[in-house]
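Chains, contacts and geometry: an overview
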Amino acid sequence: MGIYDTLNEQQREAVLHTEGPLLILAGAGSGKTRVLTHRIAYLIEEMGVNPWNILAITFTNKAAGEMRERVDNLVGIGSDSIWVSTFHSACVRILRRYIGLLGYDTNFTIYDSDDQKTLMRDVCRMLNVDTKMFKERMFLGAVSHAKEELITPQEFRLEAGGDFVKLKVADVYEEYEKQLRANNALDFDDLLVKTVQLFQTQADVLDHYQERFRYIMVDEYQDTNTVQFELVRILSSKYRNLCVVGDDDQSIYKFRGANIRNILNFEQFFEDARVIKLEQNYRSTGNILNAANAVIRHNAGRKDKTLWTANGDGGKLEFRQFDTAYDEAEYIVGDIAGSVKKEERTYNDHAILYRTNAQSRVFEEKFVTANIPYKIVGGVNFYARREIKDLLSYLKTVDNGKDDLAVRRIINVPKRGIGLTSVNRVQEYAASREISFYEALQAADLIPGIGRGLAKLESFTALIEHYKADAQEMSVSDLMKEIIEETGYIESLENEDAEEAEARIENIDELISKIAAYEEMCGDMDMPATLGGFLEEVALVADIDSLDENSDYVVLMTLHSAKGLEFPHVYLAGLEDGLFPSYMSITSDDLEDIEEERRLCYVGITRAEEELTLTCARRRMVRGETQYNRMSRFLKEIPVELVSTGETFAGEMEDAQKELQKELQKRNAYTQAKQAFQTKVYAAAKPAKQFGSPSGSSLDYEVGDRVRHVKFGEGTVTGIIEGGRDYEVTVDFDGPGTKKMFAAFAKLQKM
DNA sequence: CTCCCCACTCTTTTT
DNA sequence: GAGTGGGGAG
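Residues numbered from 1 in each chain as written. Chains lettered and ligands numbered in written order. Predicted model: local features only at pLDDT ≥ 70, side-chain atom pairs only at ≥ 80, totals over all residues. Heavy atoms only, no water.

1. Describing the overall build of chain A
Condition: Per the convention used, a helix needs a DSSP run of H or I reaching at least four residues, while a strand needs a run of E reaching at least two, with both numbered from the N terminus. Here, two residues are considered to be in contact whenever any of their heavy atoms come within 4.5 Å of each other. Here the open area of atoms and residues is found with the Shrake-Rupley method and a 1.4 Å probe, where only the protein chains shown may cover a residue.
A tally of regular secondary structure across chain A gives 30 helices and 23 strands. Partitioning the intrachain contacts of chain A with sequence separation of at least 6 by distance along the chain shows that 73% fall at a separation of at least 24. Carbon and sulfur atoms form 49% of the exposed surface of chain A, whose accessible area is close to 34200 Å².

This is the structure we're talking about:
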């Protein structure tokens with residue numbers, strides 16, 4: 001014995017329960033990663049499971065990397081044949097092998113959100129959609145949600161009924177899909193959707209992966225959406241060894257389609273599921289934990305649990321209110337500088353968390369002047385920068401000539417005298433022939449009206465062909481260097497704006513070293529370093545993946561990015577009504593929106609190990625204008641006795657602080673009274689709020705009943721599955737055959 | 001074809 | 001406040 005002795009009772013139970021479905025409700029800081037890694041070790045070493053048969057899914061590459069490292073340390077040999085990966089990269093890996101069966105090339109391109117936006121703009125233009133009236137963003141959101149719910153364009157159209165806007169979305173969705181396919185590209189959602197489709201249609205492929213992944217583990221399960229759920233469900237349906245770990249209180253991705261019902265209803269999906277709660281927190285002090293508990297208690301729809309800790313109370317939470325965001329930043333930066341100077345802490349002991357990326361700017365300024373090393377996670381992704389996208393587009397063009405977006409991006413970058421008129425002519429020609437943009441370019445001499453542009457187009461294709469040939473024998477980094485050299489990309493940047501060019505060139509250097517790092521990694525793993533491989537790697541990285549615990553810098557990031565991390569001293573900045581909780585959530589009629597913000601607050605508080613500082617400002621600049629905000633309602637949910645407002649303030653500041661403390665106290669008494677009242681109300685209302693029955697209503701038909709559908713006519717219900725938000729009903733229609741649909745959409749009528 | 005200026009929108013969060 | 005797109009001049 002040995003490694004399993006260090007676990008507490010619940011943790012050990014979770015580790016030892018290896019067969020059948022298992023839900024681990026792991027509160028913040030309760031050691032869930034420990035459980036997962038030990039469970040993997042246990043499977044291999046004690047149960048004799050082949051590492052090859054284990055799949056562990058995480059949300060970020062960073063989490064995957066950490067888990068892999070920790071498993072490596074626990075298990076001796078064989079750990080590298082365990083699949084530890086994110087949903088997205090697991091899907092890519094599967095699709096690279098089998099997507100041919102769905103009619104795509106295996107060297108498909110992955111479109112990031114920028115590419116999606118560009119494509120959507122094109123689509124709107126093609127369909128003559130007035131983008132003043134309907135925003136591309138709206139379409140992208142609708143399409144993405146449809147994909148998350150596994151609704152095809154055709155189904156979307158059927159379900160739109162006579163709704164004008166929905167029909168418009170259906171048109172756009174359909175064309176968008178068509179264009180993606182034509183470009184041999186998949187967007188983020190497609191990676192999951194296509195994999196599910198592959199499994200649904202190719203029984204042998206599904207069987208292959210079911211046999212391979214006999215033990216499946218999913219981390220951060222509360223943030224899975226419907227496609228991800230379906231993917232996991234279908235993969236695990238043969239051996240049923242599915243272990244999911246999550247915390248419904250930390251579900252913060254509803255806006256991205258995460259379906260909190262996946263975790264709340266797990267026991268209904270998997271009837272024989274074992275449920276284990278991990279409630280002992282090893283991370284934070286008692287005061288921090290009590291604050292977190294006090295806040296989250298205000299949410300209604302949650303699994304009942306209370307975190308406790310054997311750690312001491314620790315210091316009180318610090319709270320400060322400032323006049324401006326500027327003062328707020330100054331205080332925090334000064335506070336960090338002070339504790340580092342006193343050698344109490346290092347820079348990387350501190351993290352500043354905020355609601356919106358825009359808040360990082362003020363801090364950045366202060367850190368630069370204070371000469372303190374810092375790292376901002378998120379914001380503009382490295383790979384979304386213009387110069388990086390340009391150069392990657394060259395690589396993409398070489399790799400997949402069908403990626404029209406990439407080709408069009410670089411055709412005149414650096415400027416080579418190919419203007420919009422020529423591009424449009426080529427585009428029209430390509431569209432009329434149903435060939436790709438690049439293919440049209442290669443036949444440029446056949447394009448009517450191209451005139452003097454011909455020579456320029458031909459020299460462009462010659463250039464690309466030359467790179468394609470080079471790609472066969474050159475390493476990726478050499479190819480990249482050659483492209484930069486020969487196209488004169490750097491000179492063109494310098495001509496444009498010498499000042500900006502400097503930063504951009506630095507980024508280009510970083511890109512080259514990233515390519516080199518990729519090649520090195522491939523070398524270590526005995527894999528060929530391919531162009532496609534690098535592009536794929538790049539498409540799936542999140543900014544958080546680059547966070548390095550060994551570097552000594554202060555970390556700044558949004559609360560969303562902070563999930564899964566922990567720091568000795570955390571600063572929660574901008575705790576103001578209208579900012580956090582966001583204005584959107586306050587004005588929304590959906591009460592759940594505020595609850596999601598509160599969960600976000602809970603996530604923020606529980607990131608702190610020893611110290612937690614809460615700050616807000618009375619006024620701040622938002623979008624160029626000054627906003628006046630009251631302090632966040634979440635602050636008022638924290639018991640006053642846990643909070644100190646500090647005495648280091650002189651004069652008027654001090655008075656203000658005292659006044660505030662009084663208000664805090666008053667508010668607190670009020671909220672407590674209100675909360676006591678609410679608890680009673682919730683208790684009384686609970687039966688009606690059961691999550692077992694989606695949307696609170698049940699169906700008036702059951703299996704075997706005859707029903708009528710608006711489009712499909714009459715049929716017999718052959719199955720009803722309780723899905724996330726809704727029932728999934730299978731109906732055998734007399735005419736069109738068997739269809740699966742969501743009850744809320746389908747509006748079936750019992751006959 | 002390119003450059004420059006103006007107006008407009010955006011921001012809540014991201015794999 | 002910044003980044004983007006559109007329109008107009010050269």
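2. Let's talk about a negative patch on the surface
Our working rule: For patch building, the residue pool is restricted to those with more than 30% relative accessible area and no salt bridge; the joining distance is 9 Å between like charges and 5 Å between nonpolar side chains (Val, Leu, Ile, Met, Phe, Trp, Tyr). Think of a salt bridge as a Lys or Arg side-chain nitrogen and an Asp or Glu carboxyl oxygen that are within 4 Å of each other. Counting rule for charge: Lys and Arg are taken as positive, Asp and Glu as negative, and neither His nor the chain ends is counted. Just so you know, the charge point we use is NZ for Lys, CZ for Arg, CG for Asp and CD for Glu.
Together, Asp497, Glu499, Glu502, Glu506 and Asp509 make up a region of like negative charge exposed at the surface. Take Asp497: it is sitting in the loop between helix 23 (489-496) and helix 24 (498-525).

3. With respect to the pattern of salt bridges
Short version of the rule: Note on classification: 1.4 Å probe, protein chains only; a residue is buried when its accessible area is under 20% of the maximum for its type, exposed when over 50%, partly exposed between these limits.
Taken as a whole, this structure holds 52 salt bridges when the rule is applied. For Lys147, the salt bridge goes to Asp190, with nearest N and O atoms at 2.8 Å. Taken as a pair, Lys147 in helix 6 (residues 136-148) and Asp190 in helix 9 (residues 188-201) lie far apart in primary sequence, 43 residues in all. The pair formed by Lys147 and Asp190 is uniform in burial state, with each residue classed as buried. Between Lys178 and Glu175 there is a salt bridge whose closest N-O contact spans 3.9 Å. With Lys178 and Glu175 both in helix 8 (residues 164-182) and three residues apart, this pair spans about one turn of that helix. For Glu175, a relative accessible area of 13% corresponds to the buried category.

4. Some details on the pairing of strand 11 (residues 317-324)
Worth spelling out the cut-off: Only when DSSP finds a minimum of two bridges between them are two strands counted as paired.
Where burial is concerned, most of strand 11 is hidden: six out of the eight residues are buried. Bridge count between strand 11 and strand 16 (residues 608-622): six bridges; the pairing is parallel. Across the sheet, residue Arg320 finds its bridge partner in strand 16, namely Thr615.

5. Examining the protein's contact with DNA strand C
Where we set the bar: Any residue with a non-hydrogen atom lying within 4 Å of a molecule or strand is treated as near it. Each residue is assigned to one class: nonpolar for Ala, Val, Leu, Ile, Met, Phe, Trp, Tyr, Cys and Pro, charged for Asp, Glu, Lys and Arg, and polar for all the others, Gly among them.
In the vicinity of DNA strand C, the contacting residues are Arg121, Arg361, Arg623 and Gly624. Backbone atoms, meaning sugar plus phosphate, form 38% of the atoms of DNA strand C positioned within 4 Å of the protein. Class assignment for the residues of the surface near DNA strand C results in no nonpolar, one polar and three charged.

6. Some words on the sheet that holds strand 3 (residues 83-86)
Pairing between the strands of a sheet comes from backbone hydrogen bonds, and it takes one of two forms, parallel or antiparallel. Under the convention used in this document: Only C-alpha atoms enter the line fits that serve as axes; for helices the fit covers just the stretch in contact. Angles between N-to-C directions range over 0 to 180 degrees.
Pairing is parallel across the open sheet formed by six strands, whose spatial order is 3-2-6-7-1-8. Edge positions in the open sheet fall to strand 3 and strand 8 (274-278), since each of these has one partner strand only. In this sheet, neighbouring strand axes are inclined to one another by 15 degrees on average, regardless of whether the strands run parallel or antiparallel. As defined by bridge partners, strand 2 (residues 54-58) adjoins strand 6 (residues 215-218) across four bridges and the pair is classed as parallel. Looking across to strand 6, one finds that Ile54 is bridged to Tyr215. On top of the sheet, helix 11 (residues 226-236) reaches strand 2, strand 6 and strand 7 (242-246); it is set at about 160 degrees to strand 6, its chief contact.

7. Quick word on the protein's contact with DNA strand B
Definition in use: Whenever two N or O atoms come within 3.5 Å, that pair is a polar contact, provided that in protein one can donate a hydrogen and the other can accept it, and provided that, for residues adjacent in sequence, both atoms are side-chain atoms.
Near DNA strand B you find 27 residues, and of these Phe59, Arg137, Arg355, Gly419 and Thr421 are the closest. For DNA strand B, the backbone makes up 58% of the atoms found within 4 Å of the protein, where backbone means sugar plus phosphate. Separating a phosphate oxygen of DNA strand B from a side-chain N or O atom of Arg137 is a distance of 2.5 Å. Elements represented by at least two residues in the surface near DNA strand B include exactly helix 19 (420-433) and helix 26 (559-562). If one sorts the elements of the surface near DNA strand B by residue count, helix 19 sits on top with three residues. A class-by-class count of the residues in the surface near DNA strand B yields eight nonpolar, twelve polar and seven charged.

8. Brief notes about a nonpolar patch on the surface
Together, Met138, Phe164 and Val165 line one region of the surface with nonpolar side chains, adding up to about 260 Å² of accessible area. Residue placement: Phe164 occurs in helix 8.

9. Overview of empty space enclosed by the protein
Basically, it comes down to this: Here the term cavity refers to a set of points on a 1 Å grid, laid over the protein atoms alone, in which a 1.4 Å probe fits but cannot get out; the term pocket refers to an open set having protein on both sides within 12 Å along at least five of seven lines, with lining residues being those that place an atom within 4 Å of a point. Grid points are joined across faces, edges and corners, and a volume is the space filled by probe spheres set on the points.
Going through the model one piece at a time under the given rule, you end up with one cavity of 30 Å³ or more. Volume-wise, the largest cavity comes out at about 60 Å³. Around the largest cavity, the lining residues are Leu55, Ile57, Trp83, Phe87, Ala90, Cys91, Ile94, Thr195, Phe199, Leu231, Val232 and Leu235. Among the secondary structure elements, those contributing two or more residues to the lining of the largest cavity are strand 2, helix 4 (87-98), helix 9 and helix 11. The leading source of residues in the lining of the largest cavity is helix 4, at four residues. For the lining of the largest cavity, a count of residues per class yields eleven nonpolar, one polar and no charged.

10. Things to note about unusual backbone geometry
Following Val413, the chain continues to Pro414 via a peptide bond in cis, the omega torsion being -5 degrees. Within the secondary structure layout, Pro414 lies in the loop between helix 18 (404-410) and helix 19. Cis geometry is adopted by the peptide bond preceding Pro581, which originates at Phe580 and carries an omega value of 5 degrees. Mapping Pro581 onto the fold places it in the loop between strand 15 (567-572) and helix 27 (583-587).

11. What to know about helix 25 (residues 531-539)
For helix 25, the tally of buried residues reaches seven of nine residues, placing the bulk of the element in the interior. Taken together, the buried positions of helix 25 are occupied by Leu531, Gly533, Phe534, Leu535, Glu536, Val538 and Ala539. Here the buried face of helix 25 lies against helix 4, strand 4 (109-111), helix 9, helix 17 (386-399), helix 22 (476-487) and helix 24.

12. A short note on the packing of aromatic side chains
Each aromatic ring pair is characterised by the separation of its centres together with the angle its planes make. To be explicit about the condition: Ring pairs shown here join Phe, Tyr and Trp side chains whose ring centres sit within 6.5 Å, with only the six-membered ring taken for Trp; geometry is labelled stacked below 30 degrees between planes, edge-to-face above 60, and tilted in between. Two thresholds decide whether a charge sits over a ring: the Lys NZ or Arg CZ must be within 6 Å of the ring centre and within 35 degrees of the ring normal.
Inspection of every chain in the model, using the stated rule, returns 15 aromatic pairs. Here Phe199 and Tyr209 contribute two aromatic rings whose centre-to-centre distance is 5.8 Å and whose plane-to-plane angle is 55 degrees, an arrangement assigned as tilted. Of this pair, Phe199 sits in helix 9 while Tyr209 is found in helix 10 (residues 203-212), placing the two residues ten residues apart along the sequence. Judged by relative accessible area, which is 2%, Phe199 ranks as buried. Among the residues examined, Tyr209 registers a relative accessible area of 3% and is labelled buried. Seen in terms of ring centroids, Phe580 and Phe634 are 5.4 Å apart; in terms of plane orientation they differ by 75 degrees. Their pairing is edge-to-face. Of this pair, Phe580 sits in the loop between strand 15 and helix 27 while Phe634 sits in the loop between strand 17 (625-628) and strand 18 (643-644); the two residues are 54 residues apart in sequence, bridging distant segments of the chain. Across the pair, Phe634 and Phe580 agree in class, each one buried. Every member of this aromatic cluster is reached through a ring pair, and the members are Trp83, Tyr98, Phe199, Tyr209 and Phe213. We note Arg212 situated over the ring of Trp52; from NZ or CZ to the ring centre the distance is 3.4 Å. Over the aromatic face of Tyr253 sits the side chain of Arg256, whose NZ or CZ is 4.2 Å from the ring centroid.

In short, shape yes, function no, at least from these values alone.
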